[in-house]
Amino acid sequence: MRIGTLKRNRGFTLIELMIVVAIVGVLAVLAIYGVRKYIANSKTAEARNALGQIGKDAATAYEKEAMAASVLTQGTSTAVLRALCKGASKSIPAGSASIQGKKYQSAPSEWSVDAVGNSGFACLKYVMDQPQDFMYSYNMSQSGNAVGDSFTALANGDLNGDLVTSTFTMLGAIGSGLVLNIAPTLKEALPEE
């Protein structure tokens, strides 16, 4: 046998192993960041979808035909009245402590609390029957039936329980011709908090 043709069995050097460990560490950090971002985005989808539906429900409620609650005599008429739903008397859940880093399961009765006055979520005919990460509120300005009157629907959340609140806002306003215009997108503040 020749000495030049013999191969010696060698392992990896310490430097090669350290490089592999460093690369695996960097990949792990990137994966953790990506997963956290994905989870936060999936949770904020709840607020985006809910406010989008509340905006549609506000438009539907505004467009329904309502008339004065009086008896019409023969040969007379009444104008069709349109109005935004009045604001909700409370947020759901009622306090932000219920959603700080946790989910809240609302009761159907919470969404219908304003049914007697036909305002708030009852007027919108909106209810959420799944556990929620956000606190929802609905407010209306002025009388709700004149140019410039508006509504605001809010979703506030604290996904990680650090007392920093993320806010999503859906806006709508009555424009000229008494047409309800709804903002084409939500206003977001700290969406991943």
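Residues numbered from 1 in each chain as written. Predicted model: local features only at pLDDT ≥ 70, side-chain atom pairs only at ≥ 80, totals over all residues. Heavy atoms only, no water.

Peer 1: Would you mind going over the overall build of the chain in detail, with residue names and values included?
Peer 2: Along the backbone of the chain there are three helices and five strands. Beginning at the N terminus, the succession of helices and strands in the chain can be written as α-α-α-β-β-β-β-β. Rg of the C-alpha trace for the chain: 28 Å, well past the compact-globule value of 16 Å for 193 residues, more than 25% over. For the chain, the spread of C-alpha atoms along the three principal axes comes to 120 × 35 × 25 Å. Burial statistics for the chain: of 193 residues in total, 30% are counted as buried. Intrachain contacts of the chain at a sequence separation of at least 6 include 59% that bridge at least 24 residues. Carbon together with sulfur atoms contributes 61% to the accessible area of the chain, which is approximately 12400 Å² in total. A distance of 13 Å separates the average location of the 17 positive side-chain charges in the chain from that of its 15 negative side-chain charges. (Helix = DSSP H or I, 4+ residues; strand = E, 2+ residues; numbered from the N terminus. Rg over C-alpha atoms; globule rule 2.2 N^0.38 Å. Buried < 20%, exposed > 50% of the residue type's maximum accessible area, 1.4 Å probe, protein only. Contact = heavy atoms within 4.5 Å. Areas by Shrake-Rupley, 256 points an atom, 1.4 Å probe, with all protein chains shown as cover. Lys, Arg positive; Asp, Glu negative; His and termini not counted. Charge placed at Lys NZ, Arg CZ, Asp CG, Glu CD.)

Peer 1: So, the side chain of Thr-44: which residues are in play, and what are the values?
Peer 2: Position of Thr-44 among the secondary structure elements: in helix H1 (residues 14-63). Taking the relative accessible area as the measure of exposure, Thr-44 reaches 1% and is therefore buried. The residues contacting Thr-44, other than those within four sequence positions of it, are Phe-134, Leu-159, Phe-168 and Pro-191.

Peer 1: Tell me about the pattern of salt bridges, and name the residues and values.
Peer 2: Taken as a whole and judged by the stated rule, the model has four salt bridges. Residue Arg-48 pairs with Glu-188 through a salt bridge whose shortest N-O separation is 2.9 Å. On the criterion of sequence distance, the pair formed by Arg-48 in helix H1 and Glu-188 in strand E5 (residues 187-189) is long-range, its members being 140 residues apart. Residue Asp-133 pairs with Lys-103 through a salt bridge whose shortest N-O separation is 2.9 Å. In this pair, Asp-133 sits in the loop between helix H3 (120-124) and strand E1 (134-140) while Lys-103 sits in the loop between H1 and helix H2 (108-111), placing the two residues 30 residues apart along the sequence. For Asp-133, a relative accessible area of 7% translates into the label buried. (Salt bridge = Lys/Arg side-chain N within 4 Å of Asp/Glu carboxyl O.)

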